[in-house]
Amino acid sequence: TGLHLLAAPSTLANITSTNNPTGIQVDATASMSLSGCMVTGSSMYGISVVQSASSVDTTIAGCTIDQNGSIGVYANSSSGTRTVTVTNTIVTNSGYGLYRNFLGTLVATYSDVWNNASGNYYNSASPGTGATRDQDCDGMTDEGLSQSCYTGAAANATSIGAFAHRTRRAAP
């Protein structure tokens, strides 16, 4: 595992995890507010949130989660209600994009979740408000994941993904 949070709330920014079994794991009574992350090449999960405390929420914002084996973002709990919110984030090229396997809520808002082989959303994981769900950010030419896309609809008018936005040219 690239980063493993066991307990207590954590605020993390600009984390890069590459080629680990799990990129970032949140366990037990831990909670996380994560922004600006790049999680790629994990053999199992990009980000795994596995908790049992009922009052713990996790936020993932402005990240790029790409080419992770089984699942981009995995949320699991045996009891309680919690929310895992994915905002302004690209989740692509994994087995599943967002995989909900618990009693709480897993929702992507203003995110781009696409090209996940087994499905973009599983078991009531939700695209939520403003999700673009297309690989080229509403008609703009896809220039890879080395930069963010911007549709004008992102929360707080920010870019989607972990990289600085560059002007994109219109699709031919």
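Residues numbered from 1 in each chain as written. Predicted model: local features only at pLDDT ≥ 70, side-chain atom pairs only at ≥ 80, totals over all residues. Heavy atoms only, no water.

1. Overview of the sheet that holds strand β12 (residues 90–92)
Pairing between the strands of a sheet comes from backbone hydrogen bonds, and it takes one of two forms, parallel or antiparallel. Sheet architecture is open: 5 strands sit in the order β3-β6-β9-β12-β15, paired in parallel fashion. On the outer flanks of this sheet lie β3 (16–18) and β15 (112–114), each paired with one strand and no other. Taken over all neighbouring pairs, the strand axes of this sheet differ in orientation by 5 degrees on average, direction set aside. (Pairing = 2+ DSSP bridges. Helix = DSSP H or I, 4+ residues; strand = E, 2+ residues; numbered from the N terminus. Axes fitted to C-alpha atoms, helices over the stretch in contact; angles between N-to-C directions.)

2. Structural notes on unusual backbone geometry
Unusually for a residue other than glycine, Asn14 sits at a positive phi of about 55 degrees. As for its placement among the helices and strands, Asn14 is situated in the loop between β2 (9–13) and β3. Taking the relative accessible area as the measure of exposure, Asn14 reaches 62% and is therefore exposed. With phi around 50 degrees, Tyr110 is a residue other than glycine that occupies positive phi space. Here Tyr110 shows up in the loop between β14 (105–109) and β15. Using a relative accessible area of 23% as the deciding quantity, one classes Tyr110 as partly exposed. (Buried < 20%, exposed > 50% of the residue type's maximum accessible area, 1.4 Å probe, protein only.)

3. Examining the pairing of β2
Where burial is concerned, the two faces of β2 differ: the one with Ser10 and Leu12 is buried and the one with Pro9, Thr11 and Ala13 is not. Bridge analysis of β2 against strand β5 (residues 31–35) gives 5 bridges, and the strand direction is parallel. The residue bridging Pro9 from the neighbouring strand is Ser31, located in β5.

4. A look at the side chain of Thr22
Tracing the backbone shows Thr22 in strand β4 (residues 22–26). Those residues in contact with Thr22, other than ones at most four positions away along the chain, are Thr1, Gly2, Ser42, Met44, Tyr45, Gly46 and Ser48. (Contact = heavy atoms within 4.5 Å.)

5. Topic: the environment of Thr16
Relative to the helices and strands, Thr16 is located in strand β3. The spacing of Thr16 and Leu3 is 13 residues in sequence and 9.5 Å in space, taken between C-alpha atoms.

6. Focus on the nonpolar core
With 25 residues, the main nonpolar core has Met32, Leu34, Ile47, Ile60, Leu98 and Leu106 as its most contacted residues. For this core, the secondary structure elements donating two or more residues are β4, β5, β7 (45–51), β10 (71–77), β11 (83–87) and β14. Excluding anything up to four places from it in sequence, Leu34 contacts Leu12, Ile15, Ile24, Ile47, Thr59, Ile60, Ala61 and Cys63. (Core = buried A, V, L, I, M, F, W, Y, C linked by side-chain atoms within 4.5 Å.)

7. Some thoughts on the confidence of the model for the protein chain
In this model, the protein chain carries a mean pLDDT of 78, and residues with pLDDT of at least 70 account for 73%. Across residues 165–172 the pLDDT falls below 50, and counting only partners more than four positions away or on other chains, this stretch makes 22 contacts in the model. (pLDDT = per-residue confidence, 0-100.)

8. What about the packing of aromatic side chains?
Geometrically, a pair of aromatic rings is defined through the distance of the ring centres and the angle of the planes. Evaluated as defined, the whole model comprises 5 aromatic pairs. Ring plane angle 75 degrees and centroid distance 5.1 Å describe the contact between Tyr96 and Tyr99, whose orientation is recorded as edge-to-face. Overall, Tyr99 belongs to the buried group, its relative accessible area being 17%. Connected via pairs of aromatic rings, a cluster forms that spans Tyr45, Tyr74, Tyr96, Tyr99 and Tyr122. (Phe/Tyr/Trp six-rings, centres within 6.5 Å; stacked < 30°, edge-to-face > 60°.)

9. Some details on the environment of Ile47
By the element assignment, Ile47 lies in strand β7. Ile47 has contacts with Ile24, Met32, Leu34, Cys37, Val39, Ile60, Ile65, Gly72, Val73 and Tyr74, leaving out every residue within four places of it along the chain.

10. A look at the sheet that holds β4
Overall, parallel pairing links the 6 strands, which are arranged β1-β4-β7-β10-β13-β16 in an open sheet. Strands with a single pairing partner mark the edges of an open sheet, and in this sheet they are β1 (3–5) and β16 (119–122). For this sheet, the mean angle separating the axes of adjacent strands, direction not counted, is 10 degrees. The pairing of β10 with strand β13 (residues 96–101) spans 5 bridges and is parallel. Across the sheet, residue Val73 finds its bridge partner in β13, namely Leu98.

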